[in-house]
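Architecture and fold: a report
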Amino acid sequence: MDIHEHQAKEILARFGVPVPPGALAWSPEQAEYRARELGGGPCVVKAQIHSGGRGEAGGVRVCKSPDAAREFAAALLGRTLVTRQTGERGRSVDRLWVEAATDIAQEMYLGFVLDRKSERIMIVASRHGGMEIEDLAETDPDSLVRMVIDPATGLVEYQARELAFALGLTGPQVAQMVQVVRACYRAYRDLDATMVEINPLVVTGAGDLIALDAKMSFDTNALFRRREVAALRDRAQEDPRESYAHDHGLAYVGLDGDIGCIINGAGLAMATMDMIKIAGGAPANFLDIGGGASPERVCQAFRTVLTDPKVKVILVNIFAGINRCDWVAEGVVQACRTLDLKVPVVVRLSGTNVEEGRRIVRESGLPLVTADTLAEAADRAVAAREPVAA
Ligand code: GDP
Ligand code: MN
């Protein structure tokens, strides 16, 4: 689960990361008022959306006066920002963060991620921040410092100092960096985060460290024990298809194609998506109905796939081991009868109780397209997208 920059800053500040003073604004008038509260000098107005890359997308601007802040806020609020991270859907801007402007001498990068290879929290840092870390890995790979934290000891102070030295920091900045790194680590660990990122972490003209941006993501599976984090969820920023699916306990990822997929098993789902591509189509989603799916669950999967208006055909592909083809078939028939389906459905069943499953499909009297193999199913789904002209 992602949260907004202002929420991440509030959390990190509580753990000891220095951040500029700032406040939220939901309207242009409030943005102006906030700018005055901050002293009336130059301020930065920042779109609050669940995405980085706001700067280059026009979502962040240094404003010279409270009046300028109001004008920029008026132009920004209600807009949909498309950044390099959002995809074409973009994210709508309904709140702004207004912050006292900082005099920047240097922009650095500091990130905490879960390194799956070492199964540990890893710090990634660079003395060149402000841009995307992916770019940095290409343009200046040597500037990236990586450090793995041993869970037995936690972050040890000498590691944080080593990091500060590696970034070229000197004097009091070293102690400041140690404090920032420790604070981020504690926030990450104590709140079940999966990512903490400060980009840019800047050195001010006066030589102090301060976080100008902050990003945090959290482990959804741990939210049950992090109520205060769960409360930060902003559904307006989520893909409505995915929110709906997750609310119903389905593993769903929305994609850009038009072939809706209902599949059991993540591996088979991936393979099916590949086969659709090979057949010349594009999947509208990834959906794994999981093992032991009841007819009701299959029906729910149909509802989920149909929340996407782009879907032109539904492909059901089941290789039943724990699942039962007859249950899945019943679910398909139920869905077709109750959901007023307007799109063709291709069904491929294989495995446990397959004969019974096929009988249910055959005797349903519904215009279901059947297939025996995965390749056949993909071909038929692609063909079923465009009804053949009479
Ligand atoms: P992102 O593009 O979504 O990552 O948003 P950021 O919060 O990182 O802002 C983008 C850029 O705006 C930063 O890299 C800074 O260069 C600039 N910026 C943000 N705050 C300030 C500020 O207080 N003063 C100045 N001069 N620039 C700022
Ligand atoms: Mn940033």
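Each chain carries its own residue numbering, running from 1 in the written order of its sequence. To read the labels, note that chains go from A and ligands from 1, taken in the order they are written. Totals for whole chains, interfaces and linings use all residues, but because this is a predicted model, local features are given only for residues with pLDDT of at least 70 and pairs of side-chain atoms are given and counted only at 80 or more. Each side-chain value is worked out from all heavy atoms of the structure, with water and hydrogens disregarded.

1. Quick word on the domain arrangement of the protein
We note that the domain assignment places domain 1 (1-19 + 103-237), domain 2 (21-101) and domain 3 (239-389) within the protein. Note that domain bounds follow an automatic or database assignment of domains. Distance between the C-alpha centres of domain 1 and domain 3: 41 Å.

2. Points about the packing of helix 8 (residues 240-247) against helix 10 (residues 295-306)
Contact pair helix 8 / helix 10: the axes reach a minimum separation of 9 Å and the direction vectors enclose 165 degrees. Viewed along their axes, helix 8 and helix 10 adopt a mutual orientation that is roughly antiparallel. Read as a crossing pair, helix 8 and helix 10 show a hand that is right-handed. The segment helix 8 lies against helix 10, with Arg-241, Tyr-244 and Ala-245 engaging Gln-300, Arg-303 and Thr-304. Each residue is assigned to one class: nonpolar for Ala, Val, Leu, Ile, Met, Phe, Trp, Tyr, Cys and Pro, charged for Asp, Glu, Lys and Arg, and polar for all the others, Gly among them. Along the lines of polarity and charge, the residues of the contact of helix 8 with helix 10 split into two nonpolar, two polar and two charged. All axes here are fitted lines through C-alpha atoms, helices being fitted over the stretch that makes contact, and every angle between N-to-C directions spans 0 to 180 degrees. Helix and strand definitions here come from DSSP, where helices need a minimum of 4 consecutive H or I residues and strands a minimum of 2 consecutive E residues; each element is numbered from the N-terminal end. These descriptions rest on fixed angle ranges, namely under 35 degrees for roughly parallel, over 145 for roughly antiparallel, 65 to 115 for roughly perpendicular, and the rest for oblique. Note on convention: near helix rotated counterclockwise from far helix by under a right angle means a left-handed crossing. Clockwise means right-handed. The contact definition used throughout considers only heavy atoms, calling two residues in contact when any of these lie within 4.5 Å.

3. Let's talk about the pattern of salt bridges
Between side chains of opposite charge, a pair can form when the charged atoms approach closely. For salt bridges, the criterion is a side-chain nitrogen of Lys or Arg within 4 Å of an Asp or Glu carboxyl oxygen. Taken as a whole and judged by the stated rule, the model has 33 salt bridges. In this structure, Glu-32 and Arg-36 form a salt bridge, with 2.7 Å as the shortest nitrogen-oxygen distance. Of this pair, Glu-32 and Arg-36 both sit in helix 2 (residues 28-37), separated by four residues, roughly a single helical turn. Among the residues examined, Arg-36 registers a relative accessible area of 46% and is labelled partly exposed. In the salt-bridge network here, residues are joined through shared partners; they are Glu-5, Lys-9, Lys-46, Arg-54, Glu-99 and Asp-213. Think of it in three bands: with a 1.4 Å probe and only protein chains considered, a residue is buried below 20% of the maximum accessible area for its type, exposed above 50%, and partly exposed in between.

4. What about the site of ligand 1?
In the vicinity of ligand 1, 17 residues are found, and the nearest of them are Lys-46, Arg-54, Gly-55, Thr-102 and Glu-107. The term polar contact refers here to a pair of N or O atoms within 3.5 Å; inside protein, the definition further demands a hydrogen-donor-capable atom paired with an acceptor-capable atom, and it admits residues adjacent in sequence only when both atoms are side-chain atoms. Within the side chain of Glu-107, an N or O atom sits 2.6 Å from an oxygen atom of ligand 1. Burial of ligand 1 by the protein amounts to 81% of the accessible area it has alone, namely 570 Å². The set of elements that each furnish at least two residues to the shell around ligand 1 consists of strand 2 (43-47), strand 3 (60-63), strand 7 (104-115) and strand 10 (193-204). In the shell around ligand 1, the residues fall into seven nonpolar, six polar and four charged. Counting contributing residues per domain, the shell around ligand 1 is built from domain 1 (1-19 + 103-237) and domain 2 (21-101), each supplying no fewer than three. It suffices for a single heavy atom of a residue to lie within 4 Å of a molecule or strand for the residue to be listed as near it. Computed with the Shrake-Rupley method and a 1.4 Å probe, the accessible areas treat only the protein chains shown as cover for residues.

5. Structural notes on the state of the cysteines
The rule for a disulfide is simple: a pair of cysteine sulfur atoms within 2.5 Å. For the coordinates displayed, the defined rule picks out zero disulfides. Between Cys-63, a cysteine without a disulfide, and Cys-43, which holds the nearest cysteine sulfur, the sulfur-to-sulfur distance is 5.1 Å.

6. Here's the deal with the sheet that holds strand 3
Two strands make a pair as long as DSSP finds a minimum of two bridges between them. Here four strands make up an open sheet; going across it, the order is 1-6-2-3 and the pairing antiparallel. The open sheet is flanked by strand 1 (22-25) and strand 3, the only strands paired with a single partner. Taken over all neighbouring pairs, the strand axes of this sheet differ in orientation by 20 degrees on average, direction set aside. Sheet topology note: the strand 1/strand 6 (residues 96-100) ladder contains four bridges and is antiparallel. By the bridge assignment for strand 6, Ala-23 is matched with Val-98. Its contacts with the sheet place helix 2 against strand 1, strand 2 and strand 6, and it is angled at close to 165 degrees to strand 1. Contacts between helix 3 (residues 66-76) and the sheet are confined to strand 2, strand 3 and strand 6, with strand 3 contributing the most and set at about 160 degrees to the helix.

7. Overview of helix 13 (residues 374-385)
Taking 1.5 Å as the rise per residue, helix 13 with twelve residues should run 16 Å; its terminal C-alpha atoms sit 17 Å apart, in good agreement. By the burial criterion, the buried members of helix 13 are Leu-374, Ala-377, Ala-378, Ala-381, Val-382, Ala-384 and Arg-385. Along helix 13, the residues classed as buried sweep out an arc of 165 degrees about the axis, all on the same side. In this structure, the buried side of helix 13 is in contact with strand 14 (259-263), helix 9 (266-278), strand 16 (313-320), strand 17 (345-351) and strand 18 (369-371). A helix is expected to span 1.5 Å for every residue after the first. This arc corresponds to the set of directions leading from the helix axis out to the C-beta atoms.

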